[in-house]
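Residue-level structure breakdown
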Amino acid sequence: MKKFTLIAGMAVVALGASAQFNIDGAGYVEDVAKANPDAKYVAIAISDYSVEQLGAGNVVPAWPEGDGSDPTIRELYFWDNTFTPGIAGTPAPGWNEENMDFDYTVLIVGASTWSGAGYCIPDECKAVDFDLKPETRFHMSYSSLGAGAPAGIQIQLLPDVHGDANKGVWNFSLGTSFEGAPIIGKASNEDWQTIDISLADLAKLNNKTPNYEATNNAKGNYMVVLGGSGEGNTIAIDNAFFYTPGAGAAINGVEADNADAPVEYFNLQGVRVANPANGLFIKVQGDKATKVVL
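Criteria and thresholds
- Residues numbered from 1 in each chain as written.
- Predicted model: local features only at pLDDT ≥ 70, side-chain atom pairs only at ≥ 80, totals over all residues.
- Heavy atoms only, no water.
- Pairing = 2+ DSSP bridges.
- Helix = DSSP H or I, 4+ residues; strand = E, 2+ residues; numbered from the N terminus.
- Axes fitted to C-alpha atoms, helices over the stretch in contact; angles between N-to-C directions.
- Buried < 20%, exposed > 50% of the residue type's maximum accessible area, 1.4 Å probe, protein only.
- Contact = heavy atoms within 4.5 Å.
- Polar contact = N/O pair within 3.5 Å; in protein donor to acceptor, adjacent residues only side chain to side chain.
- Phe/Tyr/Trp six-rings, centres within 6.5 Å; stacked < 30°, edge-to-face > 60°.
- pLDDT = per-residue confidence, 0-100.

1. Overview of the sheet that holds strand β5 (residues 75–78)
Spatially, β5-β10-β16-β12-β13-β14 is the arrangement adopted by the 6 strands of the open sheet, whose pairing is mixed. Edge positions in the open sheet fall to β5 and β14 (183–185), since each of these has one partner strand only. For this sheet, the mean angle separating the axes of adjacent strands, direction not counted, is 25 degrees. Pairing between strand β12 (residues 152–157) and strand β13 (residues 171–175): 5 bridges, direction antiparallel. Within the sheet, the bridge partner assigned to Ile153 lies in β13 and is Leu174.

2. Structural notes on the environment of Thr136
Following the sequence through the fold, Thr136 ends up in the loop between β10 (115–121) and β11 (137–143). Relative accessible area serves as the criterion here: at 0%, Thr136 is assigned to the buried category. Separated by 62 residues in sequence, Thr136 and Ser198 place their C-alpha atoms 5.6 Å apart. When sequence neighbours within four positions are dropped, the list of residues in contact with Thr136 reads Ile197, Ser198, Leu199, Phe242, Tyr243 and Thr244. Here Thr244 takes part through its side chain, which lies 2.6 Å from a polar atom of the side chain of Thr136.

3. Focus on the side chain of Gln193
One can find Gln193 in strand β15 (residues 193–198). In this structure the side chain of Gln193 is engaged in a polar contact, spanning 2.8 Å, whose partner is the backbone oxygen of Ala187. In contact with Gln193, not counting residues within four places along its chain, are Asn22, Met140, Ser141, Tyr142, Lys186, Ala187 and Ser188.

4. Re the packing of aromatic side chains
One pass over the full model with this rule turns up 11 aromatic pairs. Ring centres of Phe130 and Tyr222 lie 5.8 Å apart, and the angle between their planes is 45 degrees; this geometry places the pair in the tilted category. Of this pair, Phe130 sits in the loop between β10 and β11 while Tyr222 sits in strand β16 (residues 220–227), and the two are 92 residues apart along the sequence. Tyr222 shares its class with Phe130; the two are buried. Taken together, the ring pairs connect Tyr119, Phe130, Phe138, Phe172, Tyr222 and Phe242 into an aromatic cluster.

5. With respect to the pairing of β13
Among the 5 residues of β13, 5 are classified as buried, and the element is accordingly described as predominantly covered. As paired elements, β13 and β14 share 2 bridges and run parallel to each other. For Leu174, the partnering residue across the bridge sits in β14 and is Gly185.

6. Details of the confidence of the model for the protein chain
Mean pLDDT for the protein chain: 84, with 86% of residues reaching 70 or above. Note that pLDDT drops below 50 for residues 1–19; the model gives that stretch 56 contacts with residues more than four away or on any other chain. Segment residues 248–257 is flagged for pLDDT under 50; beyond a separation of four residues in sequence, or across chains, it makes 24 contacts in the model.

7. Some remarks on unusual backbone geometry
With a phi close to 55 degrees, Glu179 is a non-glycine residue in the positive phi region. Residue placement: Glu179 occurs in the loop between β13 and β14. Residue class for Glu179 comes out exposed when judged on its relative accessible area of 58%. The phi torsion at Asn217 lies on the positive side, around 55 degrees, for a residue other than glycine. Inspection of the secondary structure puts Asn217 in the loop between α3 (199–205) and β16. The class for Asn217 is exposed, based on a relative accessible area of 58%.

Shown next as structure tokens:
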């Protein structure tokens, strides 16, 4: 197994025509927080330490609360025993390099041709107000932990909040396409990788027009993981959350008449880039700052 390494920093890289959105870097929560001040978060698989650093008032909790036996609380259900829970044995990205995460979701494929698990809000449970918007982004770190992974993994976000005709609004695949969902990330391997993508981009890739109001007071499955066959194949997930940039975020900027102002580009760490290309940057023109993919 290769030595476990993480590279500090965060930048989204578009990889060819397949419109992949892997982050070039460790995928630390702290990097997201620094690049998006005043953001609001919905936490799916995120450590208590990261929530503490973000501030409880900025985070809507949606992580599982129990062992699947209580229908009145949020749970991670393993469908037809096709996935089983594993043990988190290596450090995951967590908050930053000094505070790694040793408590994250590990799913192991059973002896089947299809495997699935769902983060679910049962009918008897209190609903969760996701309050998603087109500019809301989904962030997730993933790894096979060196055990091998299905060639294609599909993630479905809030599949139960839309009508049948518009399901699959925010589906995507990692690796090869799973059941036709668009590919946005590299295949899982023993190293931790991270994807970060806006819901508007996900809807466009799925040719859907979402009803964002349907994400308020949501119940049912809010994140589904699907995998192919291969007994013992592993999918590990950490730092899975939605975040909506706030009024103070550099990517939102301030509206002004800046048509004649010079243009400058910066990466997500605030470093000026003379010739930006092949990535996500902040474009500053006068008093206006916007996030652009070049």
